[in-house]
Number of protein chains: 4
Amino acid sequence: MAKLNWGMVGGGEGSQIGPAHRLGAGLDGEFAFVAGALDHRPEQGRDYGQRLGLDADRAYGSWQDMLAGEKDRPDRVDLVTVATPNATHFEITRAFLENGFHVLCEKPMTMTVAEGEELVHLANHTGRICAVNYGYSGYSLVRHMRAMVARGDIGKVRVVVAEFAHGHHADATDADNPRVRWRYDPAQAGVSAQFADCGIHAMHMASFVTGQEVERLSADIVSGIPVRTLEDDAMVNFRMDGGAVGRLWTSSIAIGRQHGLAIQVFGETGGLRWSQEQPNQLYYMPLGQRLQVIERGEGNLSPEADRTSRVTVGHAEGMPLAFGNIYADLAEAIRARKDGRTMDPAANLYPRAEDGLRSMAAVFAVAESGKADGVWVDARPPMFR
Amino acid sequence: MAKLNWGMVGGGEGSQIGPAHRLGAGLDGEFAFVAGALDHRPEQGRDYGQRLGLDADRAYGSWQDMLAGEKDRPDRVDLVTVATPNATHFEITRAFLENGFHVLCEKPMTMTVAEGEELVHLANHTGRICAVNYGYSGYSLVRHMRAMVARGDIGKVRVVVAEFAHGHHADATDADNPRVRWRYDPAQAGVSAQFADCGIHAMHMASFVTGQEVERLSADIVSGIPVRTLEDDAMVNFRMDGGAVGRLWTSSIAIGRQHGLAIQVFGETGGLRWSQEQPNQLYYMPLGQRLQVIERGEGNLSPEADRTSRVTVGHAEGMPLAFGNIYADLAEAIRARKDGRTMDPAANLYPRAEDGLRSMAAVFAVAESGKADGVWVDARPPMFR
Amino acid sequence: MAKLNWGMVGGGEGSQIGPAHRLGAGLDGEFAFVAGALDHRPEQGRDYGQRLGLDADRAYGSWQDMLAGEKDRPDRVDLVTVATPNATHFEITRAFLENGFHVLCEKPMTMTVAEGEELVHLANHTGRICAVNYGYSGYSLVRHMRAMVARGDIGKVRVVVAEFAHGHHADATDADNPRVRWRYDPAQAGVSAQFADCGIHAMHMASFVTGQEVERLSADIVSGIPVRTLEDDAMVNFRMDGGAVGRLWTSSIAIGRQHGLAIQVFGETGGLRWSQEQPNQLYYMPLGQRLQVIERGEGNLSPEADRTSRVTVGHAEGMPLAFGNIYADLAEAIRARKDGRTMDPAANLYPRAEDGLRSMAAVFAVAESGKADGVWVDARPPMFR
Amino acid sequence: MAKLNWGMVGGGEGSQIGPAHRLGAGLDGEFAFVAGALDHRPEQGRDYGQRLGLDADRAYGSWQDMLAGEKDRPDRVDLVTVATPNATHFEITRAFLENGFHVLCEKPMTMTVAEGEELVHLANHTGRICAVNYGYSGYSLVRHMRAMVARGDIGKVRVVVAEFAHGHHADATDADNPRVRWRYDPAQAGVSAQFADCGIHAMHMASFVTGQEVERLSADIVSGIPVRTLEDDAMVNFRMDGGAVGRLWTSSIAIGRQHGLAIQVFGETGGLRWSQEQPNQLYYMPLGQRLQVIERGEGNLSPEADRTSRVTVGHAEGMPLAFGNIYADLAEAIRARKDGRTMDPAANLYPRAEDGLRSMAAVFAVAESGKADGVWVDARPPMFR
Ligand SMILES: NC(=O)c1ccc[n+]([C@@H]2O[C@H](COP(=O)([O-])OP(=O)(O)OC[C@H]3O[C@@H](n4cnc5c(N)ncnc54)[C@H](O)[C@@H]3O)[C@@H](O)[C@H]2O)c1
Ligand SMILES: NC(=O)c1ccc[n+]([C@@H]2O[C@H](COP(=O)([O-])OP(=O)(O)OC[C@H]3O[C@@H](n4cnc5c(N)ncnc54)[C@H](O)[C@@H]3O)[C@@H](O)[C@H]2O)c1
Ligand SMILES: NC(=O)c1ccc[n+]([C@@H]2O[C@H](COP(=O)([O-])OP(=O)(O)OC[C@H]3O[C@@H](n4cnc5c(N)ncnc54)[C@H](O)[C@@H]3O)[C@@H](O)[C@H]2O)c1
Ligand SMILES: NC(=O)c1ccc[n+]([C@@H]2O[C@H](COP(=O)([O-])OP(=O)(O)OC[C@H]3O[C@@H](n4cnc5c(N)ncnc54)[C@H](O)[C@@H]3O)[C@@H](O)[C@H]2O)c1
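About the cut-offs
Residues numbered from 1 in each chain as written. Chains lettered and ligands numbered in written order. Predicted model: local features only at pLDDT ≥ 70, side-chain atom pairs only at ≥ 80, totals over all residues. Heavy atoms only, no water. Near = heavy atom within 4 Å. Polar contact = N/O pair within 3.5 Å; in protein donor to acceptor, adjacent residues only side chain to side chain. Nonpolar A, V, L, I, M, F, W, Y, C, P; charged D, E, K, R; others polar. Least-squares fit on C-alpha atoms with pLDDT ≥ 70 in both. Contact = heavy atoms within 4.5 Å. Areas by Shrake-Rupley, 256 points an atom, 1.4 Å probe, with all protein chains shown as cover. UniProt positions renumbered as here; feature names shortened; annotations may be inferred. Helix = DSSP H or I, 4+ residues; strand = E, 2+ residues; numbered from the N terminus. Buried area = accessible area lost by both parts, 1.4 Å probe. Salt bridge = Lys/Arg side-chain N within 4 Å of Asp/Glu carboxyl O. Pairing = 2+ DSSP bridges. Axes fitted to C-alpha atoms, helices over the stretch in contact; angles between N-to-C directions. Buried < 20%, exposed > 50% of the residue type's maximum accessible area, 1.4 Å probe, protein only. Parallel < 35°, antiparallel > 145°, perpendicular 65-115°, else oblique. Left-handed = near helix turned anticlockwise from the far one by under 90°.

Caption draft 1: View of the site of ligand 3. Residue and element names in this part refer to chain C. Around ligand 3, the structure places 21 residues, and the nearest of them are Gly12, His40, Asn86, His89 and Glu106. Within the side chain of Asp39, one N or O atom sits 3.1 Å away from an oxygen atom of ligand 3. Measuring from an oxygen atom of ligand 3, one finds a side-chain N or O atom of Asn86 at 2.5 Å. For the shell around ligand 3, the class distribution of residues is seven nonpolar, eleven polar and three charged.

Below is the structure:
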């Protein structure tokens, strides 16, 4: 089976998330990495692309060049990943969609709700895939949690508790470091810092696992380091369209926490608990019974879990494989379109433009509520009200 | 050194918390259990008291009898523990204080703020101890956390995250069970259920550890089991008088959690994490260094930790010893008064009427805010505004 | 119900294990601490005893005085705990047994197998209780493990893996410290150091939980700190009389381990795992199912677990309560004798002279095998061959 | 930089370890998968190879065909992975080495010590790489442990404790299942089952981390399921050439354990602990200080750790990335040879024929000692005595 052609915008040398994409896309041999505009500095991008094995004529100096170069090739890329800084996502994603490419865009998908709606419309209109990289939703046991909830293992969900707390921006003496400072500066980061950066992962996970969408929310935002304009710690309460109550805490000043993305789901007949730092165990208590440990890779879980588990039980799998699962979903989605068949439903789980849009609406809702003493606000994008 | 005389109201046969008090009070041989009115049924109370070793004439049928019987004895009890249902705490505590007894009252101390203020005044006026049993503050490593914060090990506190989540009231089919139902019925439980029962432990701990008091709060309360009038799940954001931001989640429908009382404190130069279910380890990360594990009983901690640690490092200590530490504080406080000396400052940590009063104000604030969409309200009792 | 009278030899001020005994014996109000010869220095012992609340005439200067003083009192002690250094256990225990006292002796019970056999005979002959303080066998979930194995929950036991590893004697620069050195000096410690000190706890636990006795063993002993004559690290393989295979590792140079007493039991239809440092959880996997977490204090465990659980589920219990359970067993055993009735079988679990004797035989077997390149040797005392 | 060409023998559809190799080799884009003889059934192998993207003429029906087909191609494979059943490793590896290919052979490398010595000689003689897949040694924190020991962070190693315990062969009713039975049948598995399958991973890790080799050993082997001829549980004590004492337990009947590969190293001035199931944390206690948690990916670890860490700290990495690190070592080794330069010393850590040989000698030593009541035997291959 011929590989699909894959290209990247952003993710240049030294970038944080670029390597994880290349690991993820390369994992199953579904995608050949054939084109890229990897850096905002044309020369460095071209050079690094070639060092990564791109042909010289497909190691582009800018995304505009890449779009022009790929557009009319018969072997043009089947999927473009956009892993540039946030403010550029919209423009680049739109341009590739308009030209008929499938896109996987990094989060946050856009900077405004209006842009988000435009991408949703565009994806619908063009029939192209516009996926968003909530990559942690690719973990096998996260998929299994979703399947368990969907098939009723814990009954109707009452409460979902999500958190994403780290301490990597806790050093006040480092707050002026440009690598950190821009994140808390509205001119560069928009209306929200920590919620827009990490909180939306946790909120997407709450939706992903429960199968419900956030309707309204109330936020308490603070700047633990006072010189910051935007928040470095936020607590968000929310209500979902299936009746679930949500609590979400996110922080970048939680010294001692590394990457505290965790979720607990409490239903009428059971509870579930999972944490990104130990992703190969899922804790499950059926009402009135004992806590039990579900292991990634154990037999008879769910089609969604089986599809996303790659090595035998007891062998740790990590985040690059979660990213790989998003790419595997996309490969299946693209191939199904090529073959004119329905895609495997267990693969039809990649986050999409609608999710990116909902996050954007939530970001603005958090900022609005946070500024107004936690007043409850509608968290839905206008088009979904 | 002669033992102190100790008596109990409530804590009869089959009661939940009675045994823990007897374990705690008996632990160091400071107190002799000599009097009690243990049950609301006089006969059962007298009988059980005698089975526990009380002399027949001090195994009383009611607290009124006990008060009358003890009042004028030369060997009257030095301390009375009140471990009856919530609605009776105020009346019993007041009566004993008025007659010059020291009292350790179970939480919640009263049902109203006014009652709370009255007990504070009474304690001040009579010069008697009116302690409140936030027993988890007796754990050795909780004491050490407090000492670390106080001596500046983590700098100024930015955020404190507390939780107390369990799943023991999650079964909707059991919601009508009288042992559970009364807790969610305002006629019997007052204005709050889960926050008043468990949340105040977490909030007291936040104050205890940070050395700051809650000023205002915003609450989101829900009844996950719809037939309940009062909340079984609550999220409370708060601000403290030293500038700390607080987040507190409490739930009784969190299936899979047993007794999830946990606290995280994040300061300018370090973070701390502790959990009641594994109380012998405290996780500490100094800014820019590694997470380290502080063990209960290790050398060179703090006077507060050393005083409350009873067996050598590596041997688990549990909750009855935490209760024992509250009693040890009280023994020292009582003896110091008898001896006319200043008490050991490391023992001067038992929770007191002021703490009980603050909790009561917080309970009403949570109820008020919760009913008003999370509006921020003053959480201080009038007398501390 | 009148309290039983309790006395102690050893456990003076500053001793390591004395406080745990007083905590344990005092826990349930079954025993009144009325007599003691607490220190090898008569004056200090008498003084400390009185500070602990003993009457002056029962705060003895030596165990001989105590024996003489108690022997003919009508209210003489019902139980004597011997918590002196190892070399004195035999003589003291023998003397009290001969005079009709029940004794709880610290481990190791004796210094030789012959002495151990003598105490077994003496206990049988006098009809007195001669218990040995393998206190960790008092933990509620250890009792439950034993009950589970006994009722067949994991089928026939195939392998039991026990360990007791700490790092408190790992510092070579401290090896000359007299508090440490004597332990590795055969003149003072006998034929074995770490195995005799800690290994026998793990081996007793293996027997206690499986209900089987060690028949033969092979040992590999080493002195990680070369100046030591006796071992600070030992690995012992053994075979039990019910067919189980045993593996036991003990070390005092395992830096990073605090008190690593842990046990795993693998049977034909299930496995169990427990660790002293987190004693309130027991991990259980039934064959072909999932790992589940048994919580101390949960409902419907076993009579043995219920009897030894004191506070509600989710509240940590620790080692002093385990010791308390040994004392509770003894109280029941003594009362049953007084009342002329059969004791509660769920309490009939305190370790006894036979266990102390078996440990002594194992100690000599380990020393013998260890010196002979791990040759398999009979680990049974002569009287049980 | 042109990719290296990579081929595989074995690892066909449904094989256990094949996917992990393809994940690992593909991870960094260093290797292009271009040739394979994947299955013992020629048709299936050819078919599956093509489905995995091999050209039809390089999807071979047998390894002999593959050798013949590749031998004289200018673009022949740079590395051949041998992932067939154990008994075929020697013949296939030898053939490819003799023809000048670099080989990565699965463990155990051979069935006899003589074969192992032959491969070592052959590798030396031909100058080809003969690597052996002790893949767990590729984990970033395992590399870091090795670096820490090498640079003296824990002083001279006193004791190393390794284990690899699982329960996947514990079901006696499944013992006749052919997928399980052959492993315990000497006719097919050779002289050892569980030690040869899993124990050698643990033993290699002990050597890898300490930088010492096993000299002699004593083994206690048992068949927990009696119908088995070979062992399903073994305890091995050993001595290493740098003075370290080793203890190694391995089991396949440890119900409740999934993949219990873990190692503890205790030196004169520190201790280390790591477990394969939670591979992103390393526990380290410097003598006299506290236990600290080293996180994979944290800054300033060691060149060996940095080189093998791919995603930012806090994001879990798993076993496929460990395998990837072995392949990354090999890519560097092959490229260095091509470029005529010295390879990066931090990559020069892949296990090699000498390690495979030593394991083979240990397997026979364990079998010999195990049959002779644990007599101590030389564990070194003749050529290293
Ligand atoms: N899904 C996740 O878990 C996750 C994690 C981290 C980052 N991210 C997201 O990924 C994106 C990138 O984050 P990062 O941390 O890797 O940033 P980074 O600053 O480390 O790297 C950004 C890269 O994009 C390149 N670039 C910038 N502008 C470009 C342009 N116009 N054309 C081509 N290349 C350009 C830069 O040269 C650089 O190589 C962000 O949107 C971030 O939110 C997502
Ligand atoms: N500090 C803690 O951690 C903690 C934990 C549990 C309970 N509590 C508190 O302890 C109190 C008791 O709770 P519980 O769960 O043990 O209740 P319970 O219902 O189990 O026991 C109450 C006991 O009080 C006796 N009693 C009732 N009225 C009496 C009266 N007028 N005079 C004498 N005795 C009377 C009852 O007979 C019974 O024995 C409550 O206020 C509760 O909030 C505190
Ligand atoms: N079961 C357990 O878990 C456990 C734990 C620790 C110690 N132990 C055992 O307890 C015993 C005591 O150990 P320790 O660590 O407390 O020792 P220690 O040296 O700390 O204390 C021994 C005490 O015994 C007193 N003593 C010595 N000789 C005496 C005599 N002839 N008469 C009266 N008192 C005398 C000493 O003055 C001292 O107070 C040992 O046998 C030890 O093996 C058992
Ligand atoms: N390093 C590790 O952690 C690890 C883990 C598991 C297995 N292994 C080793 O990997 C090897 C394979 O184990 P497995 O569990 O994957 O076995 P398996 O039986 O699942 O797969 C073996 C594969 O090899 C193929 N094969 C057999 N004979 C062949 C031949 N002559 N030519 C070509 N292909 C042939 C089979 O068709 C099958 O696809 C074993 O040596 C095993 O010890 C290593």
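Caption draft 2: Representation of the relation of the copies chain A and chain D. In the superposition of chain A on chain D (RMSD 0.0 Å, axial shift 0.0 Å), the rotation amounts to 180°. The transformation just described matches what one would write down for a two-fold rotation axis. Considering only C-alpha atoms, the part of chain A nearest the rotation axis is Gly318(A), at 2.3 Å. Of the interface residues in chain A, 100% have counterparts in chain D that sit at the interface too, so the contact is made through matching surfaces.

Caption draft 3: The site of ligand 4, seen in detail. All names here are of chain D. The local shell around ligand 4 holds 22 residues, among which Gly12, Asn86, His89, Glu106 and Lys107 are the closest. A distance of 2.9 Å is found between an oxygen atom of ligand 4 and a backbone nitrogen or oxygen belonging to Lys107. Contact distances for ligand 4 include 3.4 Å between an oxygen atom and a side-chain N or O atom of Tyr136. Protein contacts shield 83% of the accessible area of ligand 4, which totals 840 Å² for the unbound molecule.

Caption draft 4: Region of the structure containing the UniProt feature "domain: Gfo/Idh/MocA-like oxidoreductase N-terminal" (unreviewed entry) in chain A. With numbering matched to this structure, UniProt assigns "domain: Gfo/Idh/MocA-like oxidoreductase N-terminal" (unreviewed entry) to residues 4-134 of chain A. Across residues 4-134 of chain A, helical content stands at 40% and strand content at 20%; the span's end C-alpha atoms are separated by 22 Å.

Caption draft 5: Up close: the interface of chain B and chain A. Taken together, the contacts link 38 residues of chain B with 38 residues of chain A. Roughly 3000 Å² is buried in total at the junction of chain B and chain A, and carbon and sulfur atoms are behind 58% of that figure. Taken as a group, Arg158(B), Arg247(B) and Ile255(B) account for 22% of the area that chain B buries against chain A, more than any other trio of residues on that side. Seen at the junction of chain B and chain A, the total is six salt bridges. Among the ionic pairs, Asp220(A) bridges to Arg247(B), the shortest N-O distance being 2.9 Å. Only β6 (157-165), β7 (214-222), β8 (233-240), β9 (245-251), β10 (260-267) and β11 (270-275) of chain B provide two or more residues apiece to the side of chain B that touches chain A. With five residues, the single largest contributor to the side of chain B that touches chain A is β8(B). Among the residues making up the side of chain B that touches chain A, the classes are represented as 19 nonpolar, nine polar and ten charged.

Caption draft 6: Representation of the relation of the copies chain B and chain A in the model. With an RMSD of 0.0 Å, the operation that places chain B on chain A is a rotation of 180° combined with a shift of 0.0 Å along the axis. A share of 100% of the interface residues of chain B reappears at the interface of chain A, consistent with the copies meeting face to face through the same patch.

Caption draft 7: Region of the structure containing the sheet that holds strand β4 (residues 102-105) of chain B. All names here are of chain B. Judged by pairing direction, the sheet is parallel, and its five strands sit side by side in the order β2-β1-β3-β4-β5 without closing on themselves. The open sheet has two edge strands with one neighbour each: β2 (31-37) and β5 (130-132). Across the sheet, the axes of successive neighbouring strands diverge by a mean angle of 25°, strand direction being ignored. Across four bridges, the pairing between strand β3 (residues 79-83) and β4 is parallel. By the bridge assignment, Val82 is partnered in β4 with Cys105.

Caption draft 8: Structural view of the pattern of salt bridges. A full pass over the atoms with the stated rule returns 120 salt bridges over all chains. When the shortest N-O distance is used, the salt bridge between Glu118(B) and Arg94(B) registers 3.2 Å. Of this pair, Glu118(B) sits in helix α5 (residues 113-126) while Arg94(B) sits in helix α4 (residues 89-98), and the two are 24 residues apart along the sequence. For Arg41(C), the salt bridge is made with Asp39(C), and the minimal N-O distance between the two is 2.9 Å. On the basis of relative accessible area, Arg41(C) is assigned to the partly exposed category, the value being 36%. Residues joined in a network through salt bridges with shared partners are Asp57(A), Arg58(A), Glu70(A), Arg73(A) and Asp75(A).

Caption draft 9: A look at the packing of helix α1 (residues 18-26) of chain B against helix α11 (residues 319-339) of chain B. All names here are of chain B. Across the interface, α1 lies against α11 with an axial gap of 7 Å and an inter-helix angle of 60°. When the interaxial angle is binned, α1 and α11 end up oblique. Here the hand of the crossing between α1 and α11 comes out right-handed. Only Met319, Pro320, Phe323, Gly324 and Tyr327 of α11 make contact with α1, whose side of the interface consists of Ala20, His21, Leu23, Gly24 and Ala25. Of the residues in the contact of α1 with α11, the class split is seven nonpolar, three polar and no charged.

Caption draft 10: Structural detail: the UniProt feature "domain: GFO/IDH/MocA-like oxidoreductase" (unreviewed entry) in chain A. According to UniProt, the feature "domain: GFO/IDH/MocA-like oxidoreductase" (unreviewed entry) maps to residues 142-272 of chain A in the numbering used here. Across residues 142-272 of chain A, helical content stands at 26% and strand content at 34%; the span's end C-alpha atoms are separated by 10 Å.

Caption draft 11: Quick look at the environment of Phe238(D). Residues and elements named next belong to chain D. In this structure, Phe238 sits in strand β8 (residues 233-240). Taking the relative accessible area as the measure of exposure, Phe238 reaches 0% and is therefore buried. In this structure the C-alpha to C-alpha distance between Phe238 and Met203, which are 35 residues apart in sequence, comes to 9.6 Å. Once residues lying within four places of it in the same chain are set aside, the contact partners of Phe238 are Val160, Met203, Ala206, Val214, Arg216, Leu217, Ala244, Val245, Gly246, Arg247, Leu248 and Trp376.

Caption draft 12: Representation of the interface of chain A and chain D within the structure. Each side of the interface is counted separately: chain A has 33 residues, and chain D has 33 residues. Of the roughly 2500 Å² buried between chain A and chain D on both sides combined, carbon and sulfur atoms contribute 58%. Three residues stand out in chain A for area buried against chain D, namely Leu23(A), His315(A) and Ala316(A), and they jointly supply 20% of the buried area on that side. On the surface where chain A and chain D come into contact, there are zero salt bridges. Broken down by secondary-structure element, the contributors of at least two residues to the side of chain A that touches chain D are α1 (18-26), α2 (42-51) and α11 (319-339) of chain A. Its residues assigned to classes, the side of chain A that touches chain D comprises 14 nonpolar, 13 polar and six charged.

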